[in-house]
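Okay, here's what each chain looks like letter by letter:
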Amino acid sequence: MNELAPITQVFNTSNIEVQKKIVDTLYSKITLKTPLFDICEDINRKNIKVCPHCGKSQFILYGKRKGVQNYKCKKCSKRFNEFTGTCISYLKKKHLLKPFIFEMLSGSSLKECAKLLSLSIQTTFDWRHKIISTLAEHVPKQFSGIIEMIEYLFPFSKKGQGAKAKKIGAKGEIKSDNEELKKNQEHVSVIVVNDRNHKIDFKVIKIGKVSEFDLRDTFSSKLKSVKKLCIDQNITLKLFAIRKKISYHVLENQKRIKGKNKYFNTENSQKMIFDLLFWMERFKGVSSTYLQNYLYWFLLIEQIKHERDLTAVFLEKSIQVKNGKVRYKKCRMFV
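Residues numbered from 1 in each chain as written. Predicted model: local features only at pLDDT ≥ 70, side-chain atom pairs only at ≥ 80, totals over all residues. Heavy atoms only, no water.

S.K.: Residue-level account of the overall build of the chain, with values.
M.R.: Along the chain, the regular secondary structure elements total 13 helices and 10 strands. A separation of at least 24 residues holds for 64% of the contacts in the chain among residues at least 6 apart in sequence. Surface accessibility of the chain: about 20400 Å² in total, with carbon and sulfur atoms responsible for 52%. (Helix = DSSP H or I, 4+ residues; strand = E, 2+ residues; numbered from the N terminus. Contact = heavy atoms within 4.5 Å. Areas by Shrake-Rupley, 256 points an atom, 1.4 Å probe, with all protein chains shown as cover.)

Put into C-alpha coordinates, the structure is as follows:
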(Lines give C-alpha, C1' and ligand atoms only; values in the text may rest on other atoms or scores of the structure.)
Protein backbone atom coordinates (compact mmCIF):
# COMPACT_ATOMS: atom_id res chain seq x y z
CA MET A 1 0.00 0.00 0.00
CA ASN A 2 2.95 2.33 0.63
CA GLU A 3 3.84 2.03 -3.05
CA LEU A 4 0.45 3.47 -4.02
CA ALA A 5 0.74 6.46 -1.68
CA PRO A 6 2.37 8.81 -4.26
CA ILE A 7 -0.21 7.83 -6.88
CA THR A 8 -3.06 8.38 -4.44
CA GLN A 9 -1.68 11.78 -3.48
CA VAL A 10 -1.45 12.88 -7.12
CA PHE A 11 -4.98 11.64 -7.79
CA ASN A 12 -6.44 13.44 -4.76
CA THR A 13 -4.72 16.73 -5.60
CA SER A 14 -5.91 16.70 -9.23
CA ASN A 15 -9.07 18.41 -10.43
CA ILE A 16 -12.21 16.50 -11.39
CA GLU A 17 -11.49 16.45 -15.13
CA VAL A 18 -8.04 14.94 -14.64
CA GLN A 19 -9.44 12.37 -12.22
CA LYS A 20 -12.05 11.32 -14.80
CA LYS A 21 -9.37 10.89 -17.46
CA ILE A 22 -7.27 8.77 -15.09
CA VAL A 23 -10.23 6.56 -14.21
CA ASP A 24 -11.26 6.14 -17.86
CA THR A 25 -7.70 5.28 -18.89
CA LEU A 26 -7.29 2.70 -16.14
CA TYR A 27 -10.70 1.21 -16.93
CA SER A 28 -9.78 0.87 -20.61
CA LYS A 29 -6.45 -0.77 -19.77
CA ILE A 30 -8.14 -3.28 -17.47
CA THR A 31 -10.91 -4.20 -19.91
CA LEU A 32 -8.40 -4.72 -22.71
CA LYS A 33 -7.12 -7.73 -20.79
CA THR A 34 -10.56 -9.36 -20.88
CA PRO A 35 -10.42 -12.30 -23.31
CA LEU A 36 -12.40 -11.92 -26.50
CA PHE A 37 -14.23 -15.16 -25.79
CA ASP A 38 -15.58 -13.81 -22.49
CA ILE A 39 -17.09 -10.89 -24.39
CA CYS A 40 -18.65 -13.25 -26.92
CA GLU A 41 -20.12 -15.52 -24.25
CA ASP A 42 -23.18 -13.33 -23.83
CA ILE A 43 -23.46 -12.84 -27.61
CA ASN A 44 -23.27 -16.59 -27.97
CA ARG A 45 -26.26 -17.25 -25.71
CA LYS A 46 -28.39 -14.61 -27.44
CA ASN A 47 -27.57 -15.08 -31.11
CA ILE A 48 -26.77 -18.76 -31.59
CA LYS A 49 -30.31 -19.89 -32.35
CA VAL A 50 -30.00 -21.57 -35.74
CA CYS A 51 -27.30 -23.22 -37.80
CA PRO A 52 -25.64 -20.60 -40.04
CA HIS A 53 -25.29 -23.19 -42.82
CA CYS A 54 -28.81 -24.62 -43.14
CA GLY A 55 -30.89 -22.40 -40.85
CA LYS A 56 -32.19 -25.25 -38.67
CA SER A 57 -32.43 -24.92 -34.91
CA GLN A 58 -31.43 -28.50 -34.02
CA PHE A 59 -27.80 -28.45 -32.91
CA ILE A 60 -25.72 -29.77 -30.04
CA LEU A 61 -22.60 -28.76 -28.14
CA TYR A 62 -19.50 -30.15 -29.82
CA GLY A 63 -16.63 -29.37 -27.49
CA LYS A 64 -14.34 -26.37 -27.24
CA ARG A 65 -11.33 -25.36 -29.26
CA LYS A 66 -8.99 -22.62 -28.04
CA GLY A 67 -11.64 -21.50 -25.58
CA VAL A 68 -14.40 -21.22 -28.20
CA GLN A 69 -17.57 -23.31 -27.88
CA ASN A 70 -18.26 -25.37 -31.00
CA TYR A 71 -21.62 -26.70 -32.16
CA LYS A 72 -22.73 -29.40 -34.56
CA CYS A 73 -25.95 -29.26 -36.55
CA LYS A 74 -28.10 -32.40 -36.44
CA LYS A 75 -29.51 -31.75 -39.89
CA CYS A 76 -26.51 -30.87 -42.06
CA SER A 77 -23.84 -32.29 -39.69
CA LYS A 78 -21.70 -29.17 -40.12
CA ARG A 79 -19.80 -27.58 -37.26
CA PHE A 80 -19.89 -23.92 -36.34
CA ASN A 81 -19.21 -21.49 -33.49
CA GLU A 82 -20.17 -17.95 -32.53
CA PHE A 83 -17.69 -16.53 -35.04
CA THR A 84 -18.96 -18.47 -38.06
CA GLY A 85 -20.03 -16.09 -40.81
CA THR A 86 -18.97 -12.99 -38.87
CA CYS A 87 -16.38 -10.45 -39.93
CA ILE A 88 -13.74 -12.17 -37.78
CA SER A 89 -14.38 -15.67 -39.06
CA TYR A 90 -11.08 -17.47 -39.81
CA LEU A 91 -9.24 -14.50 -38.32
CA LYS A 92 -5.93 -15.41 -36.73
CA LYS A 93 -4.63 -13.73 -33.59
CA LYS A 94 -8.11 -12.97 -32.28
CA HIS A 95 -6.57 -12.10 -28.92
CA LEU A 96 -5.23 -8.91 -30.54
CA LEU A 97 -8.62 -7.85 -31.86
CA LYS A 98 -9.78 -5.90 -28.81
CA PRO A 99 -6.49 -3.96 -28.42
CA PHE A 100 -6.68 -3.27 -32.15
CA ILE A 101 -10.20 -1.84 -31.86
CA PHE A 102 -9.11 0.23 -28.87
CA GLU A 103 -6.31 1.77 -30.93
CA MET A 104 -8.63 2.14 -33.91
CA LEU A 105 -11.18 4.09 -31.87
CA SER A 106 -8.41 6.15 -30.27
CA GLY A 107 -7.43 7.53 -33.67
CA SER A 108 -4.26 5.53 -34.29
CA SER A 109 -3.26 5.10 -37.92
CA LEU A 110 -2.81 1.74 -39.61
CA LYS A 111 0.97 2.05 -39.36
CA GLU A 112 0.78 2.84 -35.65
CA CYS A 113 -1.54 -0.12 -35.00
CA ALA A 114 0.71 -2.41 -37.02
CA LYS A 115 3.81 -1.33 -35.11
CA LEU A 116 2.16 -1.51 -31.69
CA LEU A 117 0.59 -4.96 -32.20
CA SER A 118 3.38 -6.44 -34.36
CA LEU A 119 1.12 -6.88 -37.37
CA SER A 120 1.60 -6.04 -41.02
CA ILE A 121 -0.01 -2.91 -42.46
CA GLN A 122 -2.05 -5.06 -44.84
CA THR A 123 -3.40 -7.06 -41.89
CA THR A 124 -4.47 -3.95 -40.00
CA PHE A 125 -6.10 -2.62 -43.18
CA ASP A 126 -8.03 -5.86 -43.67
CA TRP A 127 -9.08 -5.98 -40.02
CA ARG A 128 -10.35 -2.40 -40.07
CA HIS A 129 -12.44 -2.89 -43.20
CA LYS A 130 -13.74 -6.29 -42.15
CA ILE A 131 -15.07 -4.69 -38.97
CA ILE A 132 -16.56 -1.49 -40.37
CA SER A 133 -18.15 -3.25 -43.37
CA THR A 134 -20.64 -4.88 -40.96
CA LEU A 135 -21.91 -1.69 -39.34
CA ALA A 136 -24.67 -1.03 -41.89
CA GLU A 137 -26.94 -3.26 -39.79
CA HIS A 138 -27.08 -0.58 -37.08
CA VAL A 139 -28.39 2.18 -39.35
CA PRO A 140 -32.04 3.19 -38.68
CA LYS A 141 -34.52 1.43 -40.95
CA GLN A 142 -37.34 3.96 -40.52
CA PHE A 143 -37.65 7.70 -39.86
CA SER A 144 -40.70 9.45 -38.50
CA GLY A 145 -41.99 12.89 -37.57
CA ILE A 146 -39.99 15.94 -38.64
CA ILE A 147 -37.11 14.96 -40.94
CA GLU A 148 -34.08 16.94 -42.05
CA MET A 149 -32.56 16.06 -45.41
CA ILE A 150 -29.60 17.77 -47.04
CA GLU A 151 -26.99 16.88 -49.63
CA TYR A 152 -23.24 17.10 -49.12
CA LEU A 153 -20.60 16.60 -51.81
CA PHE A 154 -17.36 14.83 -50.92
CA PRO A 155 -14.41 15.20 -53.31
CA PHE A 156 -13.89 12.00 -55.26
CA SER A 157 -10.79 10.23 -53.97
CA LYS A 158 -8.78 7.22 -55.07
CA LYS A 159 -6.51 7.23 -52.07
CA GLY A 160 -4.44 4.09 -51.69
CA GLN A 161 -4.84 2.89 -55.27
CA GLY A 162 -1.54 4.37 -56.43
CA ALA A 163 -0.62 4.20 -60.11
CA LYS A 164 -3.64 2.02 -60.88
CA ALA A 165 -5.92 5.00 -60.29
CA LYS A 166 -4.09 7.30 -62.70
CA LYS A 167 -3.38 7.41 -66.38
CA ILE A 168 -0.65 9.79 -67.51
CA GLY A 169 -1.33 11.58 -70.80
CA ALA A 170 1.14 12.58 -73.49
CA LYS A 171 1.74 16.00 -71.94
CA GLY A 172 1.94 14.73 -68.39
CA GLU A 173 -1.66 15.50 -67.45
CA ILE A 174 -3.52 12.95 -65.37
CA LYS A 175 -6.52 11.45 -67.11
CA SER A 176 -9.17 9.38 -65.41
CA ASP A 177 -10.62 6.14 -66.75
CA ASN A 178 -14.01 7.05 -65.31
CA GLU A 179 -16.21 8.76 -67.90
CA GLU A 180 -18.29 10.50 -65.23
CA LEU A 181 -15.25 12.25 -63.85
CA LYS A 182 -14.42 13.60 -67.30
CA LYS A 183 -17.70 15.51 -67.19
CA ASN A 184 -16.54 17.50 -64.14
CA GLN A 185 -18.54 15.31 -61.79
CA GLU A 186 -15.60 14.74 -59.47
CA HIS A 187 -17.71 14.67 -56.31
CA VAL A 188 -19.50 11.91 -54.44
CA SER A 189 -23.00 12.84 -53.36
CA VAL A 190 -23.97 11.97 -49.78
CA ILE A 191 -27.49 12.47 -48.43
CA VAL A 192 -27.84 13.21 -44.73
CA VAL A 193 -31.14 12.24 -43.10
CA ASN A 194 -31.89 13.11 -39.50
CA ASP A 195 -35.06 13.11 -37.41
CA ARG A 196 -35.89 14.54 -34.00
CA ASN A 197 -35.56 11.11 -32.35
CA HIS A 198 -31.78 11.22 -32.90
CA LYS A 199 -31.91 8.76 -35.79
CA ILE A 200 -29.26 9.63 -38.35
CA ASP A 201 -28.19 8.18 -41.67
CA PHE A 202 -25.44 9.12 -44.12
CA LYS A 203 -25.98 7.50 -47.50
CA VAL A 204 -23.54 7.56 -50.40
CA ILE A 205 -25.66 7.79 -53.54
CA LYS A 206 -23.48 8.21 -56.62
CA ILE A 207 -20.72 10.18 -58.29
CA GLY A 208 -22.03 13.61 -59.22
CA LYS A 209 -25.38 15.20 -58.46
CA VAL A 210 -28.23 12.98 -57.36
CA SER A 211 -31.51 12.78 -59.20
CA GLU A 212 -35.03 12.43 -57.94
CA PHE A 213 -35.07 8.76 -58.98
CA ASP A 214 -31.93 8.04 -56.94
CA LEU A 215 -33.65 9.42 -53.84
CA ARG A 216 -36.81 7.44 -54.49
CA ASP A 217 -34.89 4.18 -54.85
CA THR A 218 -32.91 4.80 -51.65
CA PHE A 219 -35.32 6.45 -49.21
CA SER A 220 -38.88 5.60 -50.27
CA SER A 221 -39.20 2.74 -47.79
CA LYS A 222 -37.60 4.71 -44.94
CA LEU A 223 -39.81 7.81 -45.07
CA LYS A 224 -43.29 6.32 -44.85
CA SER A 225 -44.07 7.96 -41.49
CA VAL A 226 -42.70 11.43 -42.25
CA LYS A 227 -44.87 14.43 -41.32
CA LYS A 228 -42.59 17.26 -42.43
CA LEU A 229 -39.44 17.29 -44.54
CA CYS A 230 -36.98 20.11 -43.85
CA ILE A 231 -34.68 20.75 -46.80
CA ASP A 232 -32.34 23.43 -48.06
CA GLN A 233 -32.63 25.14 -51.44
CA ASN A 234 -31.94 21.95 -53.36
CA ILE A 235 -34.26 21.48 -56.34
CA THR A 236 -33.80 17.71 -56.39
CA LEU A 237 -34.87 17.34 -52.76
CA LYS A 238 -37.89 19.55 -53.43
CA LEU A 239 -38.94 17.45 -56.43
CA PHE A 240 -38.54 14.31 -54.36
CA ALA A 241 -40.85 15.69 -51.66
CA ILE A 242 -43.45 16.76 -54.22
CA ARG A 243 -43.49 13.42 -56.05
CA LYS A 244 -43.71 11.50 -52.77
CA LYS A 245 -46.47 13.86 -51.57
CA ILE A 246 -44.56 14.76 -48.41
CA SER A 247 -45.14 18.10 -46.72
CA TYR A 248 -41.87 20.03 -46.87
CA HIS A 249 -40.31 23.28 -45.72
CA VAL A 250 -37.53 24.96 -47.67
CA LEU A 251 -34.98 26.72 -45.49
CA GLU A 252 -34.00 30.08 -46.94
CA ASN A 253 -30.38 31.10 -46.60
CA GLN A 254 -29.34 34.02 -44.40
CA LYS A 255 -32.84 34.57 -43.13
CA ARG A 256 -33.89 34.31 -39.52
CA ILE A 257 -36.90 32.07 -39.07
CA LYS A 258 -39.71 33.26 -36.82
CA GLY A 259 -43.04 31.90 -35.72
CA LYS A 260 -44.01 28.25 -35.92
CA ASN A 261 -41.55 27.60 -38.75
CA LYS A 262 -38.60 28.16 -36.42
CA TYR A 263 -38.75 24.45 -35.57
CA PHE A 264 -38.27 23.52 -39.24
CA ASN A 265 -34.54 23.73 -39.88
CA THR A 266 -31.52 21.64 -40.84
CA GLU A 267 -29.23 22.68 -38.01
CA ASN A 268 -28.82 19.16 -36.63
CA SER A 269 -27.80 17.74 -40.00
CA GLN A 270 -25.34 20.55 -40.62
CA LYS A 271 -23.82 20.01 -37.19
CA MET A 272 -23.47 16.29 -37.90
CA ILE A 273 -21.62 17.06 -41.13
CA PHE A 274 -19.30 19.39 -39.24
CA ASP A 275 -18.62 16.70 -36.62
CA LEU A 276 -18.08 14.13 -39.37
CA LEU A 277 -15.51 16.26 -41.20
CA PHE A 278 -13.67 16.93 -37.94
CA TRP A 279 -13.66 13.20 -37.13
CA MET A 280 -12.40 12.26 -40.61
CA GLU A 281 -9.38 14.56 -40.37
CA ARG A 282 -7.50 11.81 -38.53
CA PHE A 283 -7.46 9.66 -41.69
CA LYS A 284 -5.94 12.38 -43.88
CA GLY A 285 -8.31 11.48 -46.67
CA VAL A 286 -10.63 8.53 -47.28
CA SER A 287 -10.97 6.64 -50.54
CA SER A 288 -14.42 7.00 -52.09
CA THR A 289 -14.39 3.23 -52.54
CA TYR A 290 -14.76 2.78 -48.77
CA LEU A 291 -16.45 6.08 -47.89
CA GLN A 292 -19.78 4.48 -47.00
CA ASN A 293 -18.12 2.17 -44.47
CA TYR A 294 -16.45 5.10 -42.74
CA LEU A 295 -19.80 6.88 -42.54
CA TYR A 296 -21.30 3.81 -40.86
CA TRP A 297 -18.36 3.82 -38.46
CA PHE A 298 -19.03 7.43 -37.51
CA LEU A 299 -22.75 6.78 -37.03
CA LEU A 300 -22.11 3.88 -34.67
CA ILE A 301 -19.67 5.99 -32.64
CA GLU A 302 -22.42 8.59 -32.26
CA GLN A 303 -24.81 5.92 -31.00
CA ILE A 304 -22.51 4.39 -28.38
CA LYS A 305 -20.33 7.36 -27.41
CA HIS A 306 -21.80 7.44 -23.89
CA GLU A 307 -20.95 3.80 -23.15
CA ARG A 308 -18.34 3.13 -20.48
CA ASP A 309 -16.45 0.39 -22.34
CA LEU A 310 -16.61 1.74 -25.87
CA THR A 311 -14.25 -0.90 -27.24
CA ALA A 312 -16.29 -3.86 -25.98
CA VAL A 313 -19.58 -2.40 -27.24
CA PHE A 314 -18.10 -1.62 -30.66
CA LEU A 315 -16.70 -5.15 -30.89
CA GLU A 316 -20.01 -6.68 -29.86
CA LYS A 317 -21.93 -4.64 -32.43
CA SER A 318 -19.62 -5.78 -35.23
CA ILE A 319 -19.71 -9.46 -34.23
CA GLN A 320 -23.51 -9.52 -34.01
CA VAL A 321 -23.78 -9.33 -37.81
CA LYS A 322 -23.75 -12.92 -39.01
CA ASN A 323 -23.18 -12.17 -42.70
CA GLY A 324 -20.18 -9.98 -42.01
CA LYS A 325 -17.87 -12.07 -44.16
CA VAL A 326 -20.14 -11.61 -47.18
CA ARG A 327 -20.49 -7.89 -46.55
CA TYR A 328 -16.73 -7.46 -46.52
CA LYS A 329 -16.46 -8.92 -50.02
CA LYS A 330 -19.14 -6.56 -51.34
CA CYS A 331 -18.27 -3.38 -49.45
CA ARG A 332 -16.36 -1.61 -52.24
CA MET A 333 -18.02 1.09 -54.35
CA PHE A 334 -17.18 2.82 -57.65
CA VAL A 335 -14.92 -0.01 -58.85
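There's plenty left to go through after this.
S.K.: Would you mind going over the sheet that holds strand 2 (residues 68-73) in detail, with residue names and values included?
M.R.: Spatially, 3 strands are ordered 1-2-3 in an open sheet, and the strand pairing comes out antiparallel. In the strand order of this sheet, the two ends are held by strand 1 (59-65) and strand 3 (79-81), each with one partner. With direction set aside, neighbouring strand axes in the sheet form an average angle of 35 degrees. Pairing of strand 2 with strand 3 involves 3 bridges; the strand directions are antiparallel. Paired with asparagine 70 across the strands is asparagine 81, a residue of strand 3. (Pairing = 2+ DSSP bridges. Axes fitted to C-alpha atoms, helices over the stretch in contact; angles between N-to-C directions.)

S.K.: So, helix 12 (residues 310-319): which residues are in play, and what are the values?
M.R.: Here helix 12 lies mainly inside the structure; 7 of its 10 residues are buried. Taken together, the buried positions of helix 12 are occupied by Thr311, Ala312, Val313, Phe314, Leu315, Ser318 and Ile319. (Buried < 20%, exposed > 50% of the residue type's maximum accessible area, 1.4 Å probe, protein only.)

S.K.: Requested: an account of the nonpolar core, with residues and values cited.
M.R.: By size, the foremost hydrophobic cluster in this structure holds 53 residues, and its most contacted members are Phe202, Leu291, Trp297 and Phe314. If one sorts the elements of this core by residue count, helix 11 (residues 291-304) sits on top with 10 residues. Each residue touching phenylalanine 202, except ones within four places of it in the same chain, is listed here: Val190, Ile191, Val192, Met272, Ile273, Leu276, Gln292, Leu295, Tyr296, Phe298 and Leu299. By size, the runner-up hydrophobic cluster in this structure holds 17 residues, among which are Ile147, Val210, Leu229 and Phe240. (Core = buried A, V, L, I, M, F, W, Y, C linked by side-chain atoms within 4.5 Å.)

S.K.: How would you explain a positive patch on the surface if you had to name every residue and give the values?
M.R.: Among the surface-exposed residues, Arg65, Lys66, Arg79 and Lys92 lie close enough to one another that they form a single positively charged patch. Checked against the element boundaries, arginine 65 lands in strand 1. (Patch = residues over 30% accessible without salt bridge, like charges linked within 9 Å, V, L, I, M, F, W, Y side chains within 5 Å. Salt bridge = Lys/Arg side-chain N within 4 Å of Asp/Glu carboxyl O. Lys, Arg positive; Asp, Glu negative; His and termini not counted. Charge placed at Lys NZ, Arg CZ, Asp CG, Glu CD.)

S.K.: Describe the pattern of salt bridges, with residues and values.
M.R.: The full count for this structure, using the stated rule, is 8 salt bridges. We note a salt bridge from glutamate 212 to arginine 243, for which the minimum N-O separation is 3.2 Å. Placement of the pair is glutamate 212 in helix 8 (residues 212-219) and arginine 243 in helix 9 (residues 235-243), with a sequence separation of 31 residues. With relative accessibility at 9%, the residue glutamate 212 sits in the buried group.

S.K.: Outline the packing of aromatic side chains, listing residues and values.
M.R.: By the definition in use, this model includes 13 aromatic pairs. Between phenylalanine 125 and tyrosine 290, the aromatic rings sit 5.8 Å apart at their centres with planes inclined by 80 degrees, giving edge-to-face as the arrangement. Taken together, the residues phenylalanine 125 in helix 6 (residues 121-132) and tyrosine 290 in the loop between helix 10 (267-280) and helix 11 connect sequence positions 165 residues apart. Accessibility expressed as a relative area gives 16% for tyrosine 290, which makes it buried. For the ring pair phenylalanine 283 and tryptophan 297, a centre distance of 5.3 Å and an interplane angle of 50 degrees mean the geometry is tilted. Of this pair, phenylalanine 283 sits in the loop between helix 10 and helix 11 while tryptophan 297 sits in helix 11, and the two are 14 residues apart along the sequence. Clustering of aromatic rings is evident, with ring pairs tying together Phe202, Trp279, Phe283, Tyr294, Trp297 and Phe298. (Phe/Tyr/Trp six-rings, centres within 6.5 Å; stacked < 30°, edge-to-face > 60°.)

S.K.: Any details on the packing of helix 6 against helix 11? Residues and values, ideally.
M.R.: Two numbers describe how helix 6 lies on helix 11: the axes approach to 9 Å, and their chain directions differ by 65 degrees. The angle between the axes of helix 6 and helix 11 places the two elements in the roughly perpendicular class. At the point where helix 6 passes helix 11, the crossing takes the left-handed sense. When helix 6 is examined against helix 11, the residues Arg128, His129 and Ile132 are found in contact with a partner set consisting of Asn293, Tyr294 and Trp297. Looking at the contact of helix 6 with helix 11 residue by residue, the class counts come to 3 nonpolar, 2 polar and 1 charged. (Parallel < 35°, antiparallel > 145°, perpendicular 65-115°, else oblique. Left-handed = near helix turned anticlockwise from the far one by under 90°. Nonpolar A, V, L, I, M, F, W, Y, C, P; charged D, E, K, R; others polar.)

It is worth stressing that arrangement in space is one thing and function is another; only the former is reported here.
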